[in-house]
Amino acid sequence: NAGVTQTPKFQVLKTGQSMTLQCAQDMNHNSMYWYRQDPGMGLRLIYYSASEGTTDKGEVPNGYNVSRLNKREFSLRLESAAPSQTSVYFCASSERTLGSPLHFGNGTRLTVT
Amino acid sequence: LAKTTQPISMDSYEGQEVNITCSHNNIATNDYITWYQQFPSQGPRFIIQGYKTKVTNEVASLFIPADRKSSTLSLPRVSLSDTAVYYCLVGPYGGSQGNLIFGKGTKLSVKP
């Protein structure tokens, strides 16, 4: 099992460009999440999807959109990238059951110039 | 949401036991305590979770006093490979975890 797979691993964008970060999990989990991690800031939740067909805002949703394409896939889109969105983005998933831990991918390192 | 407070950094030597304490004074009745470990350039990895008293697995132990206002992650006989950032999270049991908040964590440095 691959667990949580994120693509791409690295990306450089110019200000104003758009892109979509892809995430897929093969653990049949119901819930999926997008976090960003900036130096000295810990992880901050951008959006999450409690189950297929639902999405909700997290702590820092501005400038982002998400799509829960199916149970396996949850994408994060930057419509008009800004330098403030330079960060490492992590996707995670969990079962919507008692005491289920988060399973993380290895991240996408995004630089916006 | 229960806020957590943990030391920013800790140093240790190989072979020592390391205890990282997390304060969560506003923990709710249905909240569980979960710890994650993160190595550089990787996503966080689940270590251990508990509600009260003591939980032990092959990696660590988690001690939770009766009032549940704090918890202590114990790593026995650390090695250089335990150098990582450790996060303490408090959140409700069951359901999606969209309201879990990762703080800045504790950066553990293990020296030879």
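The following paragraphs examine the structure supplied in this document. (Residues numbered from 1 in each chain as written. Chains lettered and ligands numbered in written order. Predicted model: local features only at pLDDT ≥ 70, side-chain atom pairs only at ≥ 80, totals over all residues. Heavy atoms only, no water.)

### Focus on the overall build of chain B
A tally of regular secondary structure across chain B gives zero helices and nine strands. Traced from its N-terminal end to its C-terminal end, chain B shows the element sequence β-β-β-β-β-β-β-β-β. Taking 112 residues into account, the globule formula puts the C-alpha radius of gyration at 13 Å, and chain B, at 13 Å, falls close to it. Across its three principal directions, the C-alpha atoms of chain B cover 40 × 30 × 25 Å. Every one of the 112 residues in chain B was classed for burial, and the buried ones make up 47%. Only carbon and sulfur atoms are counted for the fraction: they give 51% of the accessible area of chain B, which is about 5,600 Å². (Helix = DSSP H or I, 4+ residues; strand = E, 2+ residues; numbered from the N terminus. Rg over C-alpha atoms; globule rule 2.2 N^0.38 Å. Buried < 20%, exposed > 50% of the residue type's maximum accessible area, 1.4 Å probe, protein only. Areas by Shrake-Rupley, 256 points an atom, 1.4 Å probe, with all protein chains shown as cover.)

### Observations concerning the sheet that holds strand β7 (residues 65-68) of chain A
Within a sheet, neighbouring strands are paired by backbone hydrogen bonds and run either parallel or antiparallel to one another. Residue and element names in this part refer to chain A. The four strands are arranged β1-β3-β8-β7 in an open sheet whose pairing can be described as antiparallel. Here the strands that pair on one side only, and so sit at the sheet edges, are β1 (4-7) and β7. Averaged over all neighbouring strand pairs, the angle between strand axes comes to 15 degrees, with direction disregarded. Across four bridges, the pairing between β1 and strand β3 (residues 19-25) is antiparallel. Counted as the bridge partner of Thr-5 is Ala-24 from β3. (Pairing = 2+ DSSP bridges. Axes fitted to C-alpha atoms, helices over the stretch in contact; angles between N-to-C directions.)

### Some words on the sheet that holds strand β7 (residues 70-75) of chain B
Residues and elements named next belong to chain B. Reading across the sheet, the four strands line up as β2-β7-β6-β5 and stay open at both edges, with antiparallel pairing between neighbours. Both outer strands of the open sheet, β2 (18-23) and β5 (53-56), are each paired with one neighbouring strand and no more. Direction aside, the axes of adjacent strands within the sheet are offset by 15 degrees on average. Relative to β7, β2 runs antiparallel, the two being bridged by six bridges.

### Description of the layout of surface pockets
As a volume, the largest pocket reaches approximately 620 Å³. Broken down by secondary-structure element, the contributors of at least two residues to the lining of the largest pocket are β4 (31-38), β9 (87-94) and β11 (108-112) of chain A together with β8 (84-92) and β9 (106-111) of chain B. Sorting elements by how many residues they give to the lining of the largest pocket places β8 of chain B first, with three residues. Of the residues assigned to the lining of the largest pocket, the class counts are eleven nonpolar, ten polar and five charged. (1 Å grid on protein atoms, 1.4 Å probe; cavity = no way out; pocket = protein on both sides within 12 Å on 5 of 7 lines; lining within 4 Å. Points joined across faces, edges and corners; volume = space filled by probe spheres on them. Nonpolar A, V, L, I, M, F, W, Y, C, P; charged D, E, K, R; others polar.)

### Things to note about the pattern of salt bridges
Residue and element names in this part refer to chain A. Summed over the entire model, instances satisfying the criterion amount to four salt bridges over all chains. The shortest N-O distance in the salt bridge between Arg-36 and Asp-38 comes to 3.1 Å. For the salt bridge of Asp-38 with Arg-44, the shortest nitrogen-to-oxygen distance reads 2.6 Å. For the pair Asp-38 and Arg-44, one class covers both residues: buried. One continuous salt-bridge network, built from bridges that share partners, spans Arg-36, Asp-38 and Arg-44. (Salt bridge = Lys/Arg side-chain N within 4 Å of Asp/Glu carboxyl O.)

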